[in-house]
Amino acid sequence: MGIKTVSMVVLAAAALFATTTLQADEFTRADLDLWQSQYQAAVKKGRQVFTDPGLGTNGVVCAQCHPNAANTHPETYPKFQKQLGKVATMAEMINFCIMNPLEGKPLALDDPRMIAIQAYITEERRGVPLAPGKH
Amino acid sequence: MKSFNRRDLLKGAGVMLAGATLPVSLIEMAFADSSRNFTFAYISDSHIQQIKGNRFVRNWDRGLIRAVAEANLMSPRPDFIFYGGDIAQLGKKAEIDHGLEILSGLRDKVYYVMGEHDYYLDLGEYWRSQLGPDHYSFDHKGMHFVVLNSILTYDDWTHNRWASGEERMGVMAGLDDHRGSPFMVGAKQRQWLQKDLAKVDINTPVTIFSHSPLQKIFRNWNFWTEDAEQIQALLKPFRKVNVFYGHVHQIQYNQIGNISFHAAMATAWPWPYPQSNARAESYLPKLTVPMNRADPFFERDATGWQYIDIHSGNATMHFSLPDNAPRTVAFNPATGRPEDVTYQKHRIPPQFHY
Ligand SMILES: [Fe+2]
Ligand SMILES: [Fe+2]
């Protein structure tokens, strides 16, 4: 390999580095750790809300009827819910269960507890294929 | 085998409940000599839950009140009623008292088995003070009945882990709480059982009542009894054995050797089948045709009671489902196992349990 080719390779490499610093980088360990810790904190909080007798008004908790969040089917949403007469999100069914078996007040969709419940439910179902619209 | 029609059994029920269906399991035992056939009702898992003072969770109260009202309308009368455990949610006196007050409306003799929700607050002290021993046996129309307390666990877990009875009860009350511990009958009661069975002729049909299944289905939710095989071994010499259990809040049935197993629905709420927990392996008996998923918009759906007919020591279990066609699971002498009289042969495509 001549001197000329070597310097071209060096130049090309330099150009490559220059562009990659301007474009998206690999995720860093710090990014991954942050996402994971934030998400796991939501999952943990979700489990607490799921077993919190203070969520409704009668002391009943979600886990009483949904052990390991079974029969909540996050993978099937959004879907047509006959009794609601429309395509609903899981949050609406969560509020339905808060208002009925728990005799409580519905949560705002951006209430951190609502988000946490969804994180916990979905975490328990990880690995199950999406089945939107199914029951 | 005589087939009962729910309407015959519950004369007047429709008037009172406006065509509603039933949260009871009625069980008929039948013999060649039909004078020995009889029926008993099985009510289970009412989970009476105190909110505060004299306020209790309405939904669970309603389930039990309905079962009592409907069992009282059965005609002909059942020979007795069996209560399958978990009267209370957190084992409190107030909950047991409130549950027993509702159950005191029953017009027939009631036998009780201990559930974990009745036990882990005070280790069953209050329950026993009201209802007597937690394991006992009796004879009825040529059959031998045994009641076991199957929800005990390792001594170390019971006695050395928890700051208070409330904490211990709270952990055991959470079906999916990983700090829980597997149920068992234990060596002491097994010895008692062995002695009790020693005086029973092997041709006498034996019926066992326990709260947890005396077979292993799903350990994580305690659909399980740790020493199930040892109990089954004690029952093996008998020509015919039936085991009835509560705890699982759903229809299950199975045949292991000479033993037919039948689970009862709860009056409080239904549970998902173990396979709907995607992250763990479970062993629902292949024989069981699952019940339909519950409709959350109808709070009594998939709850109920059952009645049981006994024929020749074999049991026919009638499940009354509020929002679905009633189901009957009967012993089929040709196959030697309990089968759903409608769905076993012509299995309709089952509802997918996502
Ligand atoms: Fe129960
Ligand atoms: Fe139980």
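Here is what the cut-offs are and how they apply
- Residues numbered from 1 in each chain as written.
- Chains lettered and ligands numbered in written order.
- Predicted model: local features only at pLDDT ≥ 70, side-chain atom pairs only at ≥ 80, totals over all residues.
- Heavy atoms only, no water.
- Helix = DSSP H or I, 4+ residues; strand = E, 2+ residues; numbered from the N terminus.
- Contact = heavy atoms within 4.5 Å.
- Buried < 20%, exposed > 50% of the residue type's maximum accessible area, 1.4 Å probe, protein only.
- Areas by Shrake-Rupley, 256 points an atom, 1.4 Å probe, with all protein chains shown as cover.
- Polar contact = N/O pair within 3.5 Å; in protein donor to acceptor, adjacent residues only side chain to side chain.
- Pairing = 2+ DSSP bridges.
- Disulfide = S-S within 2.5 Å.
- Donors = N, O, S within 2.8 Å, 3.2 Å for Na, K, Ca; no water.
- Axes fitted to C-alpha atoms, helices over the stretch in contact; angles between N-to-C directions.
- Phe/Tyr/Trp six-rings, centres within 6.5 Å; stacked < 30°, edge-to-face > 60°.
- Lys NZ or Arg CZ within 6 Å of the ring centre and 35° of its normal.
- Parallel < 35°, antiparallel > 145°, perpendicular 65-115°, else oblique.
- Nonpolar A, V, L, I, M, F, W, Y, C, P; charged D, E, K, R; others polar.
- Core = buried A, V, L, I, M, F, W, Y, C linked by side-chain atoms within 4.5 Å.
- Salt bridge = Lys/Arg side-chain N within 4 Å of Asp/Glu carboxyl O.

Participant: Would you mind going over the overall build of chain A with me for this structure?
Facilitator: Per the secondary structure count, chain A includes 5 helices and 2 strands. Ordered by position from N to C terminus, the α and β elements of chain A give α-α-α-β-β-α-α. Long-range pairs, those at least 24 residues apart, make up 60% of the contacts in chain A between residues at least 6 apart in sequence.

Participant: Can you walk me through the overall build of chain B in this structure?
Facilitator: If you tally the helices and strands in chain B, you get 10 helices and 16 strands. By residue count, 62% of the 354 residues in chain B fall in the buried class. Within chain B, contacts between residues separated by at least 24 positions form 73% of all contacts whose residues are at least 6 apart in sequence. Accessible area of chain B: about 13700 Å², with a carbon and sulfur share of 51%.

Participant: Would you mind going over the environment of Arg161 of chain B with me for this structure?
Facilitator: Residue position: Arg161 of chain B is located in the loop between helix H7 (155-160) and helix H8 (165-173). Engagement of the side chain of Arg161 of chain B in a polar contact is seen with the side chain of Asp156 of chain B, the distance being 3.4 Å.

Participant: Would you explain the pairing of strand S7 (residues 136-140) of chain B in this entry?
Facilitator: Across a regular strand the side chains alternate sides, sitting on one face of the sheet and then on the other. Residue and element names in this part refer to chain B. The alternating pattern of S7 places Tyr136, Phe138 and His140 on a buried face, while none of Ser137 and Asp139, on the opposite face, is buried. Where S7 meets strand S8 (residues 143-147), 5 bridges bridge the pair, whose relative direction is antiparallel. By the bridge assignment for S8, Tyr136 is matched with Val147. The turn linking S7 back onto S8 is made up of 2 residues, and Lys141 within it adopts a positive phi angle of 40°.

Participant: I would appreciate a short explanation of the environment of Lys188 of chain B in the present structure.
Facilitator: All names here are of chain B. Residue position: Lys188 is located in helix H9 (residues 187-198). Residue class for Lys188 comes out exposed when judged on its relative accessible area of 76%. Each C-alpha atom of the pair Lys188 and Gly313 lies 28 Å from the other, and the pair is 125 residues apart in sequence.

Participant: Sorry, what's going on with the state of the cysteines here?
Facilitator: A covalent bond between the sulfur atoms of two cysteines is referred to as a disulfide. Residues and elements named next belong to chain A. Overall, the coordinates contain 0 disulfides over all chains when judged by the stated rule. Of the cysteine sulfurs around Cys65, a residue in no disulfide, the closest is that of Cys97, at 7.7 Å. With no disulfide of its own, Cys97 has Cys62 as its nearest cysteine by sulfur position, at a separation of 7.4 Å.

Participant: Honestly, the coordination of the iron ion (ligand 2) in this entry has me stumped. Any pointers?
Facilitator: When a metal carries six donors in an octahedron, the ideal angles between them are 90 or 180 degrees, while four donors in a tetrahedron ideally lie at 109.5 degrees. All names here are of chain B. For the iron ion (ligand 2), every protein donor is listed as Asp86 (OD), Glu116 (OE), Glu116 (OE), His211 (NE2) and His247 (ND1), and the spread of their distances is 2.2 to 2.6 Å. Written as a sequence motif, the donor residues of the iron ion (ligand 2) are D-x29-E-x94-H-x35-H. The metal-metal distance between the iron ion (ligand 2) and the iron ion (ligand 1) comes to 3.4 Å, with Asp86 coordinating both. One end of the pair, His211, is in the loop between strand S9 (206-210) and helix H10 (228-235); the other, His247, is in the loop between strand S10 (241-245) and strand S11 (253-256), with 36 residues separating them in the sequence. When its relative accessible area of 0% is taken as the criterion, His211 is described as buried.

Participant: Would you mind showing me how to read the sheet that holds S9 of chain B here?
Facilitator: Strands in a sheet are paired, the pairing made by backbone hydrogen bonds, and the direction either parallel or antiparallel. Residues and elements named next belong to chain B. In spatial order, the strands read S7-S8-S9-S10-S12-S11; together these 6 strands make up an open sheet with mixed pairing. Looking at the sheet topology across the chains shown, the edges are occupied by S7 and S11. Across this sheet, the average inter-strand angle for adjacent strands is 20°, counted without regard to direction. Where S11 meets strand S12 (residues 259-263), 4 bridges bridge the pair, whose relative direction is antiparallel. Across the sheet, Tyr253 pairs through a bridge with His262, a residue of S12. Strands S7, S8 and S9 of the sheet are contacted by H9, whose axis makes an angle of about 170° with S8. The strands touched by H10 are S9, S10, S11 and S12; relative to S12, the strand with the most contacts, the crossing angle is about 130°.

Participant: Even after reading the chapter, I still don't get the packing of aromatic side chains, so can you show me in this structure?
Facilitator: Centre distance and the angle of the planes are the two values used to describe a pair of aromatic rings. Residues and elements named next belong to chain B. Following the criterion strictly, the structure yields 32 aromatic pairs over all chains and no others. Both rings, one in Trp221 and one in Phe223, keep their centres 5.7 Å apart while their planes meet at 75°; by these two values the pair is edge-to-face. Judged on exposure class, the residue Trp221 and its partner Phe223 are both buried. The ring of Tyr111 carries Lys109 above its face, with NZ or CZ at 4.7 Å from the centroid.

Participant: Looking at this structure, how should I read the packing of helix H4 (residues 90-99) of chain A against helix H5 (residues 112-124) of chain A?
Facilitator: Working note: a packed helix pair is described by the angle between its axes plus the distance between those axes. Residue and element names in this part refer to chain A. At their nearest, the axes of H4 and H5 sit 11 Å apart, and the two run at 105° to each other. It follows that H4 is roughly perpendicular to H5 by the angle criterion. Contacts from Met90, Ala91, Ile94 and Asn95 of H4 reach H5 at Met114, Ile117, Gln118, Ile121 and Thr122. Of the residues assigned to the contact of H4 with H5, the class counts are 6 nonpolar, 3 polar and no charged.

Participant: Which parts of the structure should I look at to understand the nonpolar core?
Facilitator: One recurring pattern in soluble globular proteins is that nonpolar side chains are buried together. Membership of the largest hydrophobic core comes to 53 residues, with the highest contact counts inside it found for Ile208, Leu235 and Val243 of chain B. The leading source of residues in this core is H4 of chain A, at 6 residues. The residues touching Leu235 of chain B, leaving out its near neighbours within four places in the chain, are Leu197, Val206, Ile208, Val241, Val243, Asn258 and Ile259 of chain B. Counting 37 residues, the second-largest nonpolar core is a separate cluster that includes Leu64, Ile87, Val110 and Ile151 of chain B.

Participant: What should I look at first to understand the interface of chain B and chain A in this one?
Facilitator: By convention, interface size is frequently given as the accessible area that disappears when the constituent parts associate. Facing 24 residues of chain B, the contacting portion of chain A comprises 30 residues. Counting across the interface, chain B meets chain A through 1 salt bridge. For the pair chain B and chain A, the interface holds 12 residue pairs in polar contact (both at pLDDT 80 or more). Of the residues in the side of chain B that touches chain A, the class split is 13 nonpolar, 4 polar and 7 charged.

Participant: I keep staring at the pattern of salt bridges and nothing clicks. Help me out?
Facilitator: When the charged atoms of two side chains with opposite charge come close together, those side chains can pair. A full pass over the atoms with the stated rule returns 20 salt bridges over all chains. Between Asp176 of chain B and Arg47 of chain A there is a salt bridge, with the nearest N and O atoms lying 2.8 Å from each other. Highlighted residues: Asp176 of chain B in the loop between H8 and H9 and Arg47 of chain A in helix H2 (residues 29-50), drawn from two different chains. The partly exposed category is assigned to Arg47 of chain A, whose relative accessible area is 23%. When the shortest N-O distance is used, the salt bridge between Glu299 of chain B and Arg58 of chain B registers 2.8 Å. With Glu299 of chain B in the loop between S12 and strand S13 (305-311) and Arg58 of chain B in helix H3 (residues 58-72), this pair connects stretches of sequence that are 241 residues apart.

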